[in-house]
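If you want the building blocks of each chain, they are given just below.
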Amino acid sequence: ALDRLAILSQADGTINYSGKETNRWVISFRKDRKVQRFLQIIKETESEGVNVNWVEIPYDRKGYKRYAYSTPKSVTKDLRTHFDLDVSCEYAQQFIEELINWDGYRYPNGKYLYYSSVVKENVDFCSAMAFLAGYRSNICVETDNRNQTFSDVYRLTLCKKSLHVTVLANKTLHTEE
């Protein structure tokens, strides 16, 4: 559950305070599905023995809910500080699914997924994780020249690979169709 909390934190959270062993985050949501998912992940993380010390914060923006919570120092806006690529295909698939829940989009045709971030390293990392999960990926950048305060957006489009398996001499080869 801490891994899921790390994914949602990089997507929608802001580090409010960085302590010696923990980061204190602030996060706000308008969509009820995100509020419910956040609270579920918080509960699961606590049930695994991680003290997230969460609280709902009064917020004057109409329709929004705001929360503060703590994570271990390894959870930052850079996914590489908490995750590595030494994972199973199943884990990589779960990672991609959670990622899309927070900073992504599922195309109506069901064939494509989309993730975007202003942190290029996160998009590169997620592209590698997507490969491990069985996706083809394409990265493009949307340059934002409006103002120096605006950041370029890196977009990752994913498409599930169609694979067929060939067995030769007790070895399995996966080949893309």
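Above this text you will find the structure in question.
Everything quoted here is computed from the prediction, not taken from an experiment.

Trainee: Residue-level account of the overall build of the protein chain, with values.
Mentor: Assigned secondary structure in the protein chain consists of 4 helices and 10 strands. Secondary structure elements in the protein chain, listed N-terminal to C-terminal, are α-β-β-α-β-β-α-β-β-α-β-β-β-β. Based on the C-alpha atoms only, the size of the protein chain along its principal axes is roughly 60 × 45 × 30 Å. The buried share of the protein chain, taken over its 177 residues, is 37%. Here the contacts in the protein chain between residues at least 6 apart in sequence split such that 61% fall between residues at least 24 apart. Looking at the protein chain as shown, the accessible area adds up to about 10700 Å², and 49% of this sits on carbon and sulfur atoms. Of the charged side chains in the protein chain, 25 are positive and 23 negative, and the gap between their average positions amounts to 4 Å.

Trainee: If you had to explain the sheet that holds strand β5 (residues 104-106) to someone new, which residues and values would you point to?
Mentor: With antiparallel pairing, the 4 strands of this open sheet are ordered in space as β5-β6-β8-β7. Two strands lie at the open edges of the sheet, namely β5 and β7 (135-142), each paired on one side alone. Taken pair by pair, the neighbouring strands of this sheet meet at an average axis angle of 20°, ignoring direction. Two strands pair when backbone bridges link them, and β5 and strand β6 (residues 112-117) are joined in this way by 3 bridges, in the antiparallel orientation. Bridging from a neighbouring strand, Gly-104 pairs with Tyr-115 of β6. In the packing of helix α3 (residues 89-103) onto the sheet, the strands contacted are β5, β6, β7 and β8 (153-160), and the crossing angle to β6 comes to about 65°.

Trainee: Account for the side chain of Arg-24, with residues named and values stated.
Mentor: With respect to the helices and strands, Arg-24 occurs in strand β2 (residues 22-29). Despite its burial, Arg-24 pairs with no opposite charge; the closest candidate is Glu-46, at 8.9 Å N-O. Polar contacts involving the side chain of Arg-24 include one to the side chain of Ser-70, which spans 2.9 Å. Setting aside chain neighbours within four positions, we find Arg-24 in contact with Thr-14, Ile-15, Asn-16, Tyr-17, Val-52, Asn-53, Val-55, Ala-68, Tyr-69 and Ser-70.

Trainee: Give me the environment of Trp-102: which residues, what numbers.
Mentor: When you line up the elements, Trp-102 lands in helix α3. On the basis of relative accessibility, which here comes to 4%, the residue Trp-102 falls in the buried class. Look past the residues within four positions of Trp-102 in its chain and what remains in contact with it is Ile-7, Leu-8, Ala-11, Asp-12, Phe-29, Lys-34, Arg-37, Phe-38 and Ile-41.

Trainee: Can you tell me about the sheet that holds strand β4 (residues 65-72), naming the residues and giving the values?
Mentor: Strand pairing in a sheet takes place through backbone hydrogen bonds and is either antiparallel or parallel in direction. Taken together, 4 strands build an open sheet; the order of strands is β1-β2-β4-β3 and the sheet is antiparallel. Strands with a single pairing partner mark the edges of an open sheet, and in this sheet they are β1 (13-18) and β3 (55-57). Taking each pair of neighbouring strands and ignoring which way they run, the sheet shows an average axis angle of 30°. As paired strands, β3 and β4 are joined by 3 bridges and run antiparallel to one another. Following the sheet pairing, Ile-57 is matched in β4 by Arg-66.

Trainee: Talk me through the packing of aromatic side chains; I want residue IDs and the actual numbers.
Mentor: According to the stated counting rule, one finds 12 aromatic pairs in the structure shown. Each ring, one from Phe-38 and one from Tyr-67, has its centre 4.9 Å from the other, and the planes form 40°; the classification is tilted. Of this pair, Phe-38 sits in helix α2 (residues 32-47) while Tyr-67 sits in strand β4, placing them 29 residues apart in sequence. The same class applies to Phe-38 as to Tyr-67, namely buried. Both rings, one in Tyr-105 and one in Tyr-107, keep their centres 5.2 Å apart while their planes meet at 75°; by these two values the pair is edge-to-face. Looking at Tyr-107, the relative accessible area reads 33%, which means it is partly exposed. Members of the aromatic cluster, joined through ring pairs, are Trp-25, Phe-29, Phe-38, Trp-54, Tyr-67, Tyr-69 and Trp-102. Sitting over the ring of Phe-150, Arg-146 keeps its end group 3.7 Å from the ring centre.

Reading the values: the criteria
- Residues numbered from 1 in each chain as written.
- Predicted model: local features only at pLDDT ≥ 70, side-chain atom pairs only at ≥ 80, totals over all residues.
- Heavy atoms only, no water.
- Helix = DSSP H or I, 4+ residues; strand = E, 2+ residues; numbered from the N terminus.
- Buried < 20%, exposed > 50% of the residue type's maximum accessible area, 1.4 Å probe, protein only.
- Contact = heavy atoms within 4.5 Å.
- Areas by Shrake-Rupley, 256 points an atom, 1.4 Å probe, with all protein chains shown as cover.
- Lys, Arg positive; Asp, Glu negative; His and termini not counted.
- Charge placed at Lys NZ, Arg CZ, Asp CG, Glu CD.
- Pairing = 2+ DSSP bridges.
- Axes fitted to C-alpha atoms, helices over the stretch in contact; angles between N-to-C directions.
- Salt bridge = Lys/Arg side-chain N within 4 Å of Asp/Glu carboxyl O.
- Polar contact = N/O pair within 3.5 Å; in protein donor to acceptor, adjacent residues only side chain to side chain.
- Phe/Tyr/Trp six-rings, centres within 6.5 Å; stacked < 30°, edge-to-face > 60°.
- Lys NZ or Arg CZ within 6 Å of the ring centre and 35° of its normal.

These results come straight from atomic positions and should not be treated as a statement about function.
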